[in-house]
Amino acid sequence: MDTLLELTSAILNKVRISDIEMMGADLIDAELSNMQADRLNLCSANMSGSKLRMVRLGDSRLNGANFEKADFTNAVLRMCVLDGGRGAGACFNNARIEDSSAKGACLTGVEMRGAKLTETSFERAVLQDAALDGAEGDGIEFRGADLSRATFISVRFNDADFRGADLRGANLSKGCFRDADFRGALLDGTLFEGADCSGAIFDANEGPYAASTDKEKNDEPANILASLLSNTLIKLPGVFAGNEDFIKDITDRLQQASDAYKTTSKHSPEEWKEWTESFLALAKDKETLDLETIIEALYKGPIKLQNQSLLGAVSKEEMLDRMRALNKLLNSSTNEPPEAWKPILEPLMKKLKSGEGIDFKTIQGLFSKLLQDLPSK
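Since the structure is predicted, the reported quantities are computational estimates derived from the model, not experimental observations. (Residues numbered from 1 in each chain as written. Predicted model: local features only at pLDDT ≥ 70, side-chain atom pairs only at ≥ 80, totals over all residues. Heavy atoms only, no water.)

## A closer look at the overall build of the chain
When you go through the chain residue by residue, the secondary structure sums to nine helices and five strands. Ordering the α and β elements of the chain from the N terminus gives α-β-β-β-β-β-α-α-α-α-α-α-α-α. By residue count, 45% of the 377 residues in the chain fall in the buried class. Taking the contacts inside the chain whose residues are at least 6 apart along the sequence as the reference set, 17% of them involve residues at least 24 apart. (Helix = DSSP H or I, 4+ residues; strand = E, 2+ residues; numbered from the N terminus. Buried < 20%, exposed > 50% of the residue type's maximum accessible area, 1.4 Å probe, protein only. Contact = heavy atoms within 4.5 Å.)

Right, here's the structure in full:
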């Protein structure tokens, strides 16, 4: 009996077939939707353009088969082998491909939107320009695969293996890649916007948490300092009013600034380490910790506050006097800021509440004016 006729008959009668030898069979443009079969041998078969919607295949072999532009929409393939297959332009939207293998398969431009791919291997497969948006599955293997320009928007691929994969130009936005392994992957131009990569492993200075450009790296300290200073302006009365926590708060903020500058400073890591450790030691020694000690330590730091402080070229004696005056003023005041400060603070508070951006120079100027308006004694 003709093999294609046998398959068609089984589909019409809704019979599940098994152990059919179809190696090298000619199934071009065949209508095989709703076929249910186990242990089919479709190795090297030509299935290009075939309609295979909602087929149910179990423990079947499609090694080296040609299924280019075939339609597997809503199909279920369990424990199937598609190694070395040719499936460019094929459609597997909403399909389930589980505990299966497509190692070394050519799947350029394949569509797998909404597919379930648990424990399936695409090792060394070519999925250039593939669309896997909304797909999901645990334990998926893309090791050494070519995924360039592919889209993985909103996928859930926890524990996936992307080691050595080519993800250049791929879009992984809003995807979930918890505990995935990206070591050795090519990530030039890869988008991770809104992606969850908690627990994922990347090479050093790679991945969504690495600074993307030299400009961003250079701007980072100013942005972080601007944020720290804006928070400080808001909290100044509260910080100084409770004297026992004042020193610790200052020390914590200096530690944050130190950590921010470490990645971009021209100074050696050893200088930063020594300076940071000195501040940590100061924080533990409460008996000797005072404003003078902190200012002294500041002026010894790599930031070189004597040349780059908020006030410009200011001696540590003048800085100390003004900080003491600020502390005294705030300790003796109510929760309301001093009248002289209101013209400065009120516009700033409005900007902060409205969510407007405040650049570093603006904050620097305001903070400088606040301190310069204080008496030095």
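Structure shown, so let's carry the discussion forward.
## Digging into the packing of aromatic side chains
This model, assessed by the stated rule, comprises 15 aromatic pairs. Aromatic side chains Phe67 and Phe72 sit 6.1 Å apart centroid to centroid with 85 degrees between the ring planes, which places their arrangement in the edge-to-face category. Taking 5.4 Å as the distance between ring centres and 10 degrees as the angle between the ring planes, the aromatic pair formed by Phe122 and Phe142 counts as stacked. With Phe122 in the loop between β5 (96–98) and α2 (214–241) and Phe142 in the loop between β5 and α2, this pair connects stretches of sequence that are 20 residues apart. Here Phe122 matches Phe142 in class, with each residue buried. Within the aromatic cluster, the residues linked to one another by ring pairs are Phe122, Phe142, Phe152, Phe157, Phe162, Phe177, Phe182, Phe192 and Phe202. (Phe/Tyr/Trp six-rings, centres within 6.5 Å; stacked < 30°, edge-to-face > 60°.)

## Some thoughts on the nonpolar core
By size, the foremost hydrophobic cluster in this structure holds 69 residues, and its most contacted members are Phe152, Phe157, Phe162, Phe177 and Phe182. Examining the composition of this core, we find that three residues originate from one element, helix α1 (residues 3–12), more than from any other. If sequence neighbours within four positions are ignored, Phe182 has contacts with Phe162, Leu167, Leu172, Phe177, Phe192, Ala200, Ile201 and Phe202. (Core = buried A, V, L, I, M, F, W, Y, C linked by side-chain atoms within 4.5 Å.)

## Some remarks on α1
Along α1, the residues that are buried comprise Leu7, Ala10 and Ile11. Angular distribution of buried residues about the axis of α1 spans 100 degrees; they occupy a single face of the element. Along its buried surface, α1 packs onto β1 (17–18). Among the residues trailing α1, Lys14 stands out with phi positive, at a value near 55 degrees. (Arc of directions from axis to C-beta.)

## Examining unusual backbone geometry
With a phi angle near 50 degrees, Asp99 is a residue other than glycine that sits in the positive phi range. Along the chain, Asp99 falls in the loop between β5 and α2. The class for Asp99 is partly exposed, based on a relative accessible area of 48%. The residue Asp159 is not glycine, and still its phi comes out positive at about 65 degrees. Tracing the chain through its elements places Asp159 in the loop between β5 and α2.

## Things to note about the side chain of Asn171
Secondary-structure assignment places Asn171 in the loop between β5 and α2. On the basis of relative accessibility, which here comes to 17%, the residue Asn171 falls in the buried class. Reaching out from Asn171, the side chain makes a polar contact with the side chain of Ser173 at a distance of 2.6 Å. Here Asn171 is in contact with Ala150, Thr151, Phe152, Ile153 and Leu191, once residues within four sequence places are set aside. (Polar contact = N/O pair within 3.5 Å; in protein donor to acceptor, adjacent residues only side chain to side chain.)

## Examining the pattern of salt bridges
For the coordinates displayed, the defined rule picks out 15 salt bridges. With a closest N to O distance of 3.1 Å, Glu111 and Arg113 form a salt bridge. Since its relative accessible area comes to 31%, Glu111 is described here as partly exposed. Using a relative accessible area of 35% as the deciding quantity, one classes Arg113 as partly exposed. (Salt bridge = Lys/Arg side-chain N within 4 Å of Asp/Glu carboxyl O.)

## Some thoughts on the environment of Ala125
Topologically, Ala125 is positioned in the loop between β5 and α2. In this structure Ala125 comes out as buried when scored by relative accessible area, which is 0%. Residues Ala125 and Arg143 lie 18 residues apart in sequence; the distance between their C-alpha atoms is 8.6 Å. For Ala125, the residues in contact, after removing those within four places along its chain, are Ala102, Gly104, Ala105, Ala145 and Asp146.

## A few points about the sheet that holds β5
The sheet built from five strands is open, its strands ordered β1-β2-β3-β4-β5 with parallel pairing. Edge positions in the sheet fall to β1 and β5, since each of these pairs with one other strand and no more. The sheet contact formed by β1 and strand β2 (residues 36–38) spans two bridges and is parallel. Within β2, the residue paired with Ile17 across the bridge is Ala37. (Pairing = 2+ DSSP bridges.)

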